[in-house]
Amino acid sequence: MAKKITPKKRSPLPEQGEQAMIEAILEGSPEGIGVAVIRLDCGCKKMAAVDKAGDPASKVVMYRDKAESICDQCQADNGDFMRVISQFISWKTPEPDVHTKKMIISKVLGSES
Ligand SMILES: [Zn+2]
């Protein structure tokens, strides 16, 4: 019987293309301790660095893998939150402590309730 692979829903890992973008954003944002990654249902992504207080440490970057620009829908609605399929923060190492992470996640991504 094939072994089932259970994806970890709590902390999705960045995809390869996302990882490169995350590193580029952090490089340009010395205050950033992590990058919020927001995946939209159309395949485009929104990212922004956050600092240790949970405030934006970079401007919001929107991009689409292997494309020169974001899709028409995103250009029209700027990546409306109604179309968000997943969102998480990719932390820079060393990662902040659990409490700091929690505070930043709820500030940046909103509470999970
Ligand atoms: Zn799009």
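Residues numbered from 1 in each chain as written. Predicted model: local features only at pLDDT ≥ 70, side-chain atom pairs only at ≥ 80, totals over all residues.

1. A look at the overall build of the protein
The line we're drawing: Secondary structure counts use DSSP, requiring at least four H or I residues in a row for a helix and at least two E residues in a row for a strand, with both numbered from the N terminus. Each residue is represented by a C-beta atom placed from its backbone, and any two residues with such atoms within 7 Å are regarded as in contact.
Looking only at helices and strands, one finds three helices and four strands in the protein. Going residue by residue from the N terminus, the α and β elements of the protein occur as α-β-β-β-α-β-α. Put simply, of all contacts in the protein between residues at least 6 apart along the chain, 53% involve residues at least 24 apart.

2. So, the environment of I70
To be explicit about the condition: Three exposure classes are used. Buried residues have 20 or more other C-beta atoms within 10 Å of their own C-beta, exposed residues have 12 or fewer, and partly exposed residues fall in between, all C-beta atoms being placed from the backbone.
Its location among the elements puts I70 in the loop between strand 3 (61–64) and helix 2 (72–77). On the neighbour-count criterion, I70 (19 C-beta atoms within 10 Å) is partly exposed. When the C-alpha atoms of I70 and C42 are compared, they prove to be 9.4 Å apart, with 28 residues separating the residues in sequence. Beyond its immediate chain neighbours, meaning those up to four positions away, I70 contacts C44, M62, Y63, R64 and Q75.

3. A word on the nonpolar core
Note the following rule: Nonpolar cores are identified as sets of buried Ala, Val, Leu, Ile, Met, Phe, Trp, Tyr and Cys residues joined via C-beta atoms within 7 Å.
Grouped together as the largest cluster of nonpolar side chains are 18 residues, with contacts concentrated most on V35, A36, M47 and V50. Of all the secondary-structure elements, those providing two or more residues to this core are helix 1 (16–27), strand 1 (34–40) and strand 2 (44–50). Setting aside residues up to four positions removed in sequence, M47 forms contacts with M21, I22, I25, V35, A36, V37 and V61.

4. Section: helix 3 (residues 98–109)
Residues that lie three or four places apart on an α-helix share one face, since the helix turns once every 3.6 residues. We apply this condition: A helix's residues, less one, multiplied by 1.5 Å, set its expected span.
With 12 residues, helix 3 extends 16 Å between its outermost C-alpha atoms, agreeing within 8% with the 16 Å of an ideal straight helix rising 1.5 Å per residue. Remark: G110 follows helix 3 within two positions and exhibits a positive phi of approximately 90°.

5. A word on the sheet that holds strand 2
Put simply, the rule is: Two strands form a pair only when DSSP identifies at least two bridges running between them. Interaxial angle, 0 to 180 degrees, is taken between N-to-C directions of lines fitted to C-alpha atoms, where a helix line uses only the stretch in contact.
Pairing within the open sheet is antiparallel, and its four strands lie in the order 3-2-1-4. Only two strands of the sheet have a single neighbouring strand rather than two, namely strand 3 and strand 4 (84–91). Here the average twist between neighbouring strands, direction ignored, is 20°. Judged from the six bridges that link them, strand 1 and strand 2 form a sheet pairing that is antiparallel. What sits directly across from V35, in strand 2, is A49. On top of the sheet, helix 1 reaches strand 1, strand 2, strand 3 and strand 4; it is set at about 35° to strand 2, its chief contact. Against the sheet, helix 3 makes contact with strand 1, strand 2 and strand 4, and its axis sits at roughly 145° relative to strand 4, the strand it touches most.

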